[in-house]
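Descriptive analysis of the structure
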Amino acid sequence: MVILNTVTTIKNSTTIAIGGFDGMHIGHQALFNELGENGTIVVIETGYANLTPKRCREKFTNKNIIYLELESIRHLDGVGFMKLLNEKFVDLEKIVVGYDFHFGKDRRYSYVDLTELFDGEVVVVDEVTHKNDSVHSHKIRAKLQIGDIKSANEFLGHNYTIIGKHIRGQGIGAKELVATINVQATEFLMPKEGVYATLTRINDEEHFHPSVSFVGHRVTTDGSFAIETHILDGEVTCKERVEISFVAYIRGNEKFDSLEELKKMIQKDIAKASKELKFLQL
Ligand SMILES: Cc1cc2nc3c(=O)[nH]c(=O)nc-3n(C[C@H](O)[C@H](O)[C@H](O)COP(=O)(O)O)c2cc1C
Ligand SMILES: Nc1ncnc2c1ncn2[C@@H]1O[C@H](COP(=O)(O)OP(=O)(O)O)[C@@H](O)[C@H]1O
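Small disclaimer: the values here were computed from a predicted structure and weren't measured.

In the vicinity of ligand 1, 23 residues are found, and the nearest of them are G169, Q170, G173, F214 and T220. Secondary-structure elements contributing two or more residues to the shell around ligand 1 are strand 13 (209–217), strand 14 (225–231) and helix 8 (259–277). Of all the elements, helix 8 adds the most residues to the shell around ligand 1, at three residues. Each residue belonging to the shell around ligand 1 can be placed in one class, and the counts come to nine nonpolar, ten polar and four charged.

What follows is the structure, encoded as structure tokens:
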């Protein structure tokens, strides 16, 4: 990962797009479309990104990304920020930002200041909306938190995807319910507690498996928080790194009086998830 603060200069990059870019949503993609061949994405890293934390942004672009820690630039005024960009990007000709881009101390400066301060071209991308609603990361987070996966995915332009590592479960699943892969993915925002039709990929497999996943506190068993995915198209063995893509919300988390009742419900969940995923190209 290239952190801009620690490198002296970046050569051959004539165009940059600047922002936080958590989510890499359709608004962000509109900026990337203006980058051209030698464009670089400059991520201002707040440390709070939880839709595409850290290097996960790289999954959703083929452009080069470099990272700039907010802490190291937040004190700068407009002139200072511009000086930093010019010093680091020695071939800079064009800067791409969105209509609401703000920077510098107290977010005091906008694209208007950028246009005055920069000697090259500033491209300002108009507001990107979906169904008359302005697309922003905070709105995607809010949608995920109420389980509105379909709208969140429409704003994102891709399925909301978390990546984590395989961890040991309680050992009840395979014996009494269905086999699940338990996942730890602490850096990501968790969608509303419940059951989802999902696509799961293990390590760097070429294809995703249709799956049904549970996210939440296992109120029926030990009460602890878990992310579990049950693969619908057979057994998988190698499972260090697990990627779960959320496609549709099926139901909320429930407490069942017995494992038999939970098992019956899981069978219904499987049927619903299979139906949701049937027409997807995996
Ligand atoms: C499709 C599916 C739906 C689930 N729904 C619930 C639920 O509504 N409430 C709940 O407490 N646990 C639910 N669970 C989690 C189970 O409690 C969990 O799989 C079980 O405790 C076994 O955990 P283990 O894999 O760690 O052994 C669900 C799991 C799956 C795969
Ligand atoms: N809906 C949108 N339409 C156009 N530009 C956008 C949109 N959302 C964000 N941008 C631009 O993308 C860059 C990154 O913005 P950022 O603040 O990280 O996104 P968000 O507002 O979604 O959290 C900024 O230059 C911003 O102006």
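What follows is about the site of ligand 2. What surrounds ligand 2 is a group of 20 residues, the closest being G19, G20, G27, G98 and S137. Those elements that provide at least two residues to the shell around ligand 2 are strand 1 (15–19), helix 1 (26–32) and strand 4 (94–98). The dominant element in the shell around ligand 2, judged by the number of residues it contributes, is helix 1, at four residues. Residue classes in the shell around ligand 2 are distributed as ten nonpolar, eight polar and two charged.

Position of Q170 relative to the elements: it lies in the loop between strand 10 (160–167) and helix 7 (173–176). Note on Q170: 13 C-beta atoms within 10 Å, which makes it partly exposed. Between the C-alpha atoms of Q170 and S213, which are 43 residues apart in sequence, the distance is 16 Å. Discounting chain neighbours no more than four positions away, the residues touching Q170 are T221 and D222.

A separate point is the sheet that holds strand 2 (residues 39–45). Strand order in the open sheet made by the five strands is 3-2-1-4-7, with parallel pairing throughout. Since the sheet does not close on itself, it has two edges, and those belong to strand 3 (64–69) and strand 7 (121–125), each with one partner. Each adjacent strand pair in this sheet contributes to an overall mean axis angle of 25°, direction not counted. Bridge count for strand 4 against strand 7 is five bridges, and the pairing is parallel. Bridge pairing links V96 to V123 in strand 7.

Moving on, we get to the pairing of strand 10. When a strand is regular, its side chains alternate between the sheet's two faces. Both strand 10 and strand 15 (residues 241–252) contribute to a ladder of six bridges, which runs antiparallel. When the bridges of strand 15 are listed, T161 appears paired with S245. As paired elements, strand 10 and strand 11 (residues 181–184) share three bridges and run antiparallel to each other. Across the sheet, K165 pairs through a bridge with Q184, a residue of strand 11.

Rules used throughout
- Residues numbered from 1 in each chain as written.
- Chains lettered and ligands numbered in written order.
- Predicted model: local features only at pLDDT ≥ 70, side-chain atom pairs only at ≥ 80, totals over all residues.
- Near = placed C-beta within 6 Å.
- Helix = DSSP H or I, 4+ residues; strand = E, 2+ residues; numbered from the N terminus.
- Nonpolar A, V, L, I, M, F, W, Y, C, P; charged D, E, K, R; others polar.
- Buried ≥ 20, exposed ≤ 12 C-beta atoms within 10 Å, placed from the backbone.
- Contact = placed C-beta atoms within 7 Å.
- Pairing = 2+ DSSP bridges.
- Axes fitted to C-alpha atoms, helices over the stretch in contact; angles between N-to-C directions.

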